[in-house]
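# Breakdown of the fold
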Amino acid sequence: MIPRLKPYLDWRELLAAFSWPHQDDVGRFEQAFAAKMGQKYAIAFPYGRTGLMLLLEALGLKNKEIICPAYTCVVVPHAIVYSGNIPVFVDSQEDDFNMNLDFVPEAITDKTGAIIATSIFGYPVDLDKLDNIRRTYPHIYIIQDCAHSFAAEWKGRTVQKEGNASIFGMNISKLITSIFGGMVTTDDGELLEKLKALRDDRLKPASFAKSICRLLYLIAVYPTFWEPVYGLINRLERSGLLNFFVKYYDESVIDMPADYLEKMSPVEARVGQVQLEKYDAIVAHRRKMAALYHEHLQDISELLLPPLVEGATYSHYVPVVQGRDTVLQQALRKGIQLGWLIEYGIPEMKAYGGHLSTDFPNAAQYALTTINLPLCEGIKVAREVIRVISTIIKRG
Ligand SMILES: *Cc1c(COP(=O)(O)O)cnc(C)c1O
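Residues numbered from 1 in each chain as written. Predicted model: local features only at pLDDT ≥ 70, side-chain atom pairs only at ≥ 80, totals over all residues. Heavy atoms only, no water.

### As for the site of the ligand
Within the structure, the ligand sits among 14 residues, and Gly48, Arg49, Asp145, His148 and Lys174 are positioned closest to it. In the environment of the ligand, a nitrogen atom lies 2.7 Å from a nitrogen or oxygen atom belonging to the side chain of Asp145. Here an oxygen atom of the ligand and a side-chain polar atom of His148 are 2.9 Å apart. Protein contact buries 96% of the 390 Å² of open area that the ligand shows by itself. (Near = heavy atom within 4 Å. Polar contact = N/O pair within 3.5 Å; in protein donor to acceptor, adjacent residues only side chain to side chain. Areas by Shrake-Rupley, 256 points an atom, 1.4 Å probe, with all protein chains shown as cover.)

The following block contains the structure:
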């Protein structure tokens, strides 16, 4: 079974995980991360969402409206609510998964405190349009959500530097992983101090038990993505027996993981440092895979391909197809797990107001029609995926 996602892990991460702790593993990871992202400071958190929550608090935002995409990971509005603020959703573009920045001015009110600009699937947010918004509304904070994109570039400018701060997620489904964990980066020294103070005040130190749990989780990841085992896991997952890898709680209630207020463990920081060294190679590989899919799937008219964008980092390569379930099932029968991404419309959830799908039509469409092609494997696998998809869809 070819998995829909797979972390780039080898013996180096295991070695790092088991190596003797340094004085300050988390601090070292933060420094290396900031350097890699070209920012002055990075602050580590147990999850990206914890970082976002405390970032909003550090910016002094309370009871404010925070503008975010309707089509994003549901943990983003969760973190907004947990910070004591109110998410306000903006639909995607018709031909682009990112939030439509032309709709943002309409969403701005006296209560708007921040805009979360997200480069979803690694497609850089349009920084020219964002610049206009920043010029018109200089009092509104801009937060870049780089959980998918990391250092994606818009016309040569890296997205993570274009705002007051940026957030990153590093669970095993992300471009690089620290097992779990998140980062906030900024160039603002004052904000750094506030955020650090909040972190030390609100989060408890990582316990030894947490380090052991993370280590066990990491060890379990290796065999999980081994092909024969992955087939079994996939069956268990579909039967609902196993749902803990990246999704382990109910997404329709506003909730956080049990340990969201416990700091990143040193084990995670050491794994993250190894992954950071692989970052360039990982992105280069994904760009190559995306280009290959693009070249060979172009003439299937039933498949709407995502664009190839210079500077995109392709956390995912996500075509749009009608009749998605049939395609997914048939691919699975041929040993390929395509899966979907963000298969929910956040504003439609009861917890977020139960809006009609017609209120955010593009996000609602994407939630129903996107499929995810594997990017982590080699060229040989890509060719197999291309072959299978072509036969499935052409047969109709
Ligand atoms: C993964 C993700 C985050 C952060 O997730 P955590 O699991 O809290 O680290 C934030 N935004 C988006 C769009 C994501 O996909």
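### Here's the deal with the pairing of strand S1 (residues 41-45)
Buried residues dominate S1, accounting for four of its five residues. When S1 meets strand S9 (residues 182-186), the two strands line up antiparallel, connected through five bridges. Bridging across to S9, Phe45 finds its partner in Gly182. (Buried < 20%, exposed > 50% of the residue type's maximum accessible area, 1.4 Å probe, protein only. Helix = DSSP H or I, 4+ residues; strand = E, 2+ residues; numbered from the N terminus. Pairing = 2+ DSSP bridges.)

### Side note on helix H10 (residues 266-297)
When the terminal C-alpha atoms of H10 are compared, their 43 Å separation across 32 residues agrees well with the 46 Å that a helix rising 1.5 Å per residue should span. The largest bend in H10 is about 50°, located at Lys278. (Expected span 1.5 Å × (residues − 1). Bend = angle between axes of the 7 residues up to and from the residue.)

### A closer look at a nonpolar patch on the surface
The grouping of Phe18, Phe208, Ile212, Leu216 and Ile219 at the surface amounts to a nonpolar patch, some 530 Å² of accessible area in total. Considering every element that reaches the nonpolar patch, the biggest residue donor is helix H8 (residues 208-224), with four residues. On the basis of relative accessible area, Phe18 is assigned to the exposed category, the value being 51%. (Patch = residues over 30% accessible without salt bridge, like charges linked within 9 Å, V, L, I, M, F, W, Y side chains within 5 Å. Salt bridge = Lys/Arg side-chain N within 4 Å of Asp/Glu carboxyl O.)

### Regarding the sheet that holds S1
Spatial strand order, S1-S9-S8-S5-S4-S2-S3: seven strands in an open sheet with mixed pairing. Of all strands in the sheet, those bounded by a partner on one side alone are S1 and strand S3 (86-90). Neighbour-to-neighbour, the strand axes of the sheet open up by a mean angle of 25°, direction not taken into account. The pairing of strand S5 (residues 141-145) with strand S8 (residues 165-169) spans three bridges and is parallel. Residue pairing for S8: Asp145 is matched across the bridge by Ile167. Contacts from helix H3 (residues 48-58) reach S1, strand S2 (65-69), strand S4 (112-118), S5, S8 and S9 within the one sheet, and its direction differs from that of S8 by about 160°. Of the strands in this sheet, S2, S3, S4 and S5 touch helix H4 (residues 75-82), which is tilted by about 150° from S3. (Axes fitted to C-alpha atoms, helices over the stretch in contact; angles between N-to-C directions. Contact = heavy atoms within 4.5 Å.)

### Some remarks on the state of the cysteines
Joining two cysteines, a disulfide is a covalent bond between their sulfur atoms. All chains considered together, the criterion is met by zero disulfides. The thiol sulfur of Cys376 is not disulfide-bonded, and the nearest other cysteine sulfur, from Cys73, lies at 17 Å. (Disulfide = S-S within 2.5 Å.)

### Looking at the packing of H8 against H10
Packing of H8 against H10 brings their axes to within 8 Å, and their N-to-C directions diverge by 45°. Compared by their axis directions, H8 and H10 come out oblique. Here H8 contributes Lys210, Ser211, Arg214, Leu215 and Leu218 to the contact with H10, which in turn contributes Pro266, Val267, Glu268 and Val271. (Parallel < 35°, antiparallel > 145°, perpendicular 65-115°, else oblique.)

### Comments concerning the pairing of S4
Judged by how many residues are buried, S4 sits mostly within the fold: seven of seven residues are covered. For S2 and S4, the ladder comprises three bridges, and the chain directions are parallel. Across the sheet, the residue bridging to Ile67 is Ile115, located in S4. Here S4 pairs with S5 via five bridges, running parallel.

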